[in-house]
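What follows is the residue order along each chain.
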Amino acid sequence: MPATILPRTGIRKPSAGQNPNFTDIDFTLQTIDDLSTWKVPAGATEATCVAAIAACHAAGGGVVEFMGLAYAVAGAVAFNVSLPTVSLKFQQGCVISYTGSGVCLRVRMTPFTIANAGTVSGGVTIDGTGAAPGAVGIEAGCVIGFGWDGVSVQNFSAAGSVNWDFNNATANSWMERCRFTRCSSANGKVDYRFRCVATSTSFLYNDFADLRFNVVGGQIAFQTISPAQLIDVQLNLRGNVDGAGVIFDIQSGSEVTRPHCHIQIEQTNGTGAVVFNAGQLQYPSGVIEINGIPALGTDRTIA
């Protein structure tokens, strides 16, 4: 049952014994746009989690806060955010174990809107150790100005699986001006993938302020699929490659143009890792380092 935090007036009615002059400014991590907070208890079932998110949507928005440190889900789309006024907040150290064949968490505005959207935050890990082939940890697209902070995805490593799948799946939409801080990916068949339908190619102006990755042979860190376009983005990437993994797989018909880069890659074991595949990282600026050696502007395989 939701506990109302901020009605539209932006002032919370004080409880007995509280200072009657308290307003929204006294409550950290809340904003004037928040309508309600739905608190999902520790140990809640998937049905309870889904119901809380649905209720938040039905009320017009707010924050769904997960109070526990472990949840298990398996639905075709277990968690779904489709309104720009809805945010999800997790406790530091929370782990969501996904064992289905679909998507653990989807963020896609339905219908698409250019309004700035909400956030997913708090230090959560989505784990796909038991997920079926083709499963996706996070699918995000068709959204403007969404914020991701402290979100990790790992172990979606079966055939066809992806840790982070950025997908503009509906016509005439785009994913722009989103920001990623303290986010990571590990042991995914693909860590970060960008794809779209023909009329929704734009992934412009996104700020990947702090992304981490860890890939081994047969895995890809950063993949773009035609006709996706990443133009004028910030790429702050740090990661390890163990064996013949692929860092950038920029496929024909897609592009990464004028990225401002701060990319540091370390080969922790073996040789043959492909850093730039297909040579389509166009007009980059900034710093790209491989084992501490600058490698900006050339195709490169670690010998």
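As the structure is a computational prediction, the values presented were derived from the model and not from experiment. (Residues numbered from 1 in each chain as written. Predicted model: local features only at pLDDT ≥ 70, side-chain atom pairs only at ≥ 80, totals over all residues. Heavy atoms only, no water.)

Caption draft 1: Local environment of the overall build of the protein. Helix and strand content of the protein: one helix and 27 strands. Each of the 303 residues in the protein was classed as buried or not, and the buried ones make up 50%. Of the roughly 12500 Å² of accessible surface on the protein, a fraction of 54% belongs to carbon and sulfur atoms. (Helix = DSSP H or I, 4+ residues; strand = E, 2+ residues; numbered from the N terminus. Buried < 20%, exposed > 50% of the residue type's maximum accessible area, 1.4 Å probe, protein only. Areas by Shrake-Rupley, 256 points an atom, 1.4 Å probe, with all protein chains shown as cover.)

Caption draft 2: Looking closely at the pattern of salt bridges. Following the criterion strictly, the structure yields ten salt bridges and no others. Salt bridges sharing common partners tie together Lys39, Glu65 and Lys89. (Salt bridge = Lys/Arg side-chain N within 4 Å of Asp/Glu carboxyl O.)

Caption draft 3: Up close: unusual backbone geometry. Geometrically, the link from Thr110 to Pro111 is a cis peptide bond, its omega value of -5° lying close to zero. Summarising the element assignment, Pro111 is placed in the loop between strand S7 (103–108) and strand S8 (119–127). The omega torsion across Ser226 and Pro227 is 5°, close enough to zero to call that bond cis. Note that Pro227 resides in the loop between strand S18 (220–224) and strand S19 (229–231). A positive phi angle is found at Arg182, which is not glycine, with a value near 55°. Inspection of the secondary structure assignment puts Arg182 in the loop between strand S14 (179–181) and strand S15 (183–186). Assessed through its relative accessible area of 44%, Arg182 is described here as partly exposed. Even without being glycine, Tyr283 reaches a positive phi, approximately 50°. Residue position: Tyr283 is located in the loop between strand S25 (281–282) and strand S26 (285–290). Under the relative-accessibility criterion, Tyr283 is labelled exposed at 64%.

Caption draft 4: Spotlight on the sheet that holds S19. Strand order in this open sheet of three strands is S19-S22-S25, and the pairing throughout is parallel. The sheet terminates laterally at S19 and S25, the two strands that pair on one side only. Looking at chain direction, strand S22 (residues 255–257) and S25 are connected through two bridges and run parallel. Its bridge partner being in S25, Val256 is matched across the sheet by Leu281. (Pairing = 2+ DSSP bridges.)

Caption draft 5: Seen up close, the confidence of the model for the protein. Here the protein averages 85 in pLDDT, and 83% of its residues register 70 or above. Residue range residues 1–35 is modelled with pLDDT below 50. Its contacts to residues more than four positions away, or to other chains, number 39 contacts. (pLDDT = per-residue confidence, 0-100. Contact = heavy atoms within 4.5 Å.)

Caption draft 6: Focus on the side chain of Asn236. With respect to the element layout, Asn236 can be found in strand S20 (residues 234–242). Look past the residues within four positions of Asn236 in its chain and what remains in contact with it is Phe208, Ala209, Asp210, Leu211 and His262.

Caption draft 7: Structural view of the nonpolar core. Core analysis: the largest hydrophobic core is formed by 71 residues, its most contacted members being Phe66, Phe79, Trp148, Trp164 and Phe180. With near-sequence residues (within four places) excluded, Phe180 lies in contact with Trp148, Trp164, Phe166, Met175, Asp207, Phe208, Ala209, Asp210 and Leu211. (Core = buried A, V, L, I, M, F, W, Y, C linked by side-chain atoms within 4.5 Å.)

Caption draft 8: Just the side chain of Asn206, in detail. Here Asn206 lies in the loop between strand S16 (190–196) and strand S17 (207–216). Classification of Asn206 as buried rests on a relative accessible area of 1%.

Caption draft 9: Quick look at the packing of aromatic side chains. Counted under the stated rule, the structure contains 19 aromatic pairs. Centroid distance Trp164 to Phe180: 6.0 Å. Interplanar angle 70°. Geometry classified as edge-to-face. Pair noted here: Trp164 is in strand S12 (residues 162–168) and Phe180 is in strand S14, with a separation of 16 residues, a long-range link. For Trp164, a relative accessible area of 0% gives the class buried. The buried category is assigned to Phe180, whose relative accessible area is 0%. Ring pairs connect the aromatic residues Phe146, Trp148, Trp164, Phe166, Phe180, Tyr192, Phe194, Phe203, Phe208, Phe222 and Phe248, which therefore count as one cluster. (Phe/Tyr/Trp six-rings, centres within 6.5 Å; stacked < 30°, edge-to-face > 60°.)

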